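Structure assessment
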Amino acid sequence: MGKLDGKVAFITGVARGQGRAHAVRLAEEGADVIGIDLLEPEPYAPYPMGTQDDMDETVVLVEKTGRGMIGVKADVRDRVAIRSAVDRGIDEFGRLDIVVASAGVSSAGAPLWEIPPEQWDAVIATNLTGVFHTVAAAVPAMIAAGNGGCIICTSSGSGLRYVPNLADYNAAKAGVVAIGKTLANELASQGIRVNVLAPGTVNTPLITDNKEMFKLFRPDLTEPTIEDALPVFTAMMPMGQPWVEPIDVANAVVFLASDEARYITGQVLAVDQGATNRP
């Protein structure tokens, strides 16, 4: 018996990284999965994005647990595409109980006044407006079903502590907290809980395959590598590890989605080794 037997989850950014970890862990606990991902390059993301092969691998990993998954190429900036994926999943699996708004991008670091307007628009559109579209597309079906449910919005430790040279990313992630807390108030009477996850540094390509991120943490070097940045990542973390793993965030998703958290709503849970708690 799993904690989520008979449930259906909709996850954005599912092809790899945190989204994939969420899909597999939720499936291990008994949930079927509807997942979407962009599956093409993003001009303002200085690292490779997920591919169709990544999505296919996620589907295989979910199906190995004995649960079903529908993986759809869709952009969180396109509400019509999101709603189409949600409707297809509900037609296939019969319901929708869990929404995990996980899709996001990180841009090249720069002082606020040097951020190109086009980059600002792209980051806000994916990381903030994408969450808006995701929950707006999914909530009506959850309300209509009358089964309650759980929504988990992915913010970031950067949305709580405002890391220099990431104003676009910080602003979007801070806005996600506002979306989650507002929605929690709006949906409590429907039995739908809404919480926000604020992961710290996570071992995904957004960090480990991102040369611009290395420069952000090692501005003293012209072409820093991940090995150069590793001591800085580690020094930032009170518990002494350079990052958490996707599974650590996924385990928090399972907890928030389960009946173990049945009266937890409107909260921000940081999975960050205590970094946002450090003075």
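Residues numbered from 1 in each chain as written. Predicted model: local features only at pLDDT ≥ 70, side-chain atom pairs only at ≥ 80, totals over all residues. Heavy atoms only, no water.

Strand order in the open sheet formed by seven strands is S3-S2-S1-S4-S5-S6-S7, with parallel pairing between adjacent strands. Each having just a single partner strand, strand S3 (69-73) and strand S7 (268-271) make up the two edges of the open sheet. Neighbour to neighbour, the strand axes of the sheet diverge by 15° on average, direction disregarded. Where helix H3 (residues 79-93) meets the sheet, it contacts strand S1 (8-12), strand S2 (32-37) and S3, and its direction lies at approximately 160° from that of S2. Strand contacts of helix H10 (residues 246-257): strand S4 (98-101), strand S5 (149-154), strand S6 (192-199) and S7, with the helix running at about 165° to S6, the strand carrying the most contacts. (Pairing = 2+ DSSP bridges. Helix = DSSP H or I, 4+ residues; strand = E, 2+ residues; numbered from the N terminus. Axes fitted to C-alpha atoms, helices over the stretch in contact; angles between N-to-C directions. Contact = heavy atoms within 4.5 Å.)

Angle between the axes and distance between the axes: these two values describe a pair of packed helices. Running from amino to carboxyl end, helix H1 (residues 17-28) crosses helix H2 (residues 52-64) at an angle of 15°, the nearest separation of the two axes being 9 Å. With respect to H2, the axis of H1 lies roughly parallel. Along this stretch, H1 crosses H2, giving a crossing that reads as right-handed. From H1, Arg-20, Ala-23, Val-24 and Ala-27 reach across to H2, where they touch Asp-54, Glu-57, Thr-58, Leu-61 and Val-62. Along the lines of polarity and charge, the residues of the contact of H1 with H2 split into five nonpolar, one polar and three charged. (Parallel < 35°, antiparallel > 145°, perpendicular 65-115°, else oblique. Left-handed = near helix turned anticlockwise from the far one by under 90°. Nonpolar A, V, L, I, M, F, W, Y, C, P; charged D, E, K, R; others polar.)

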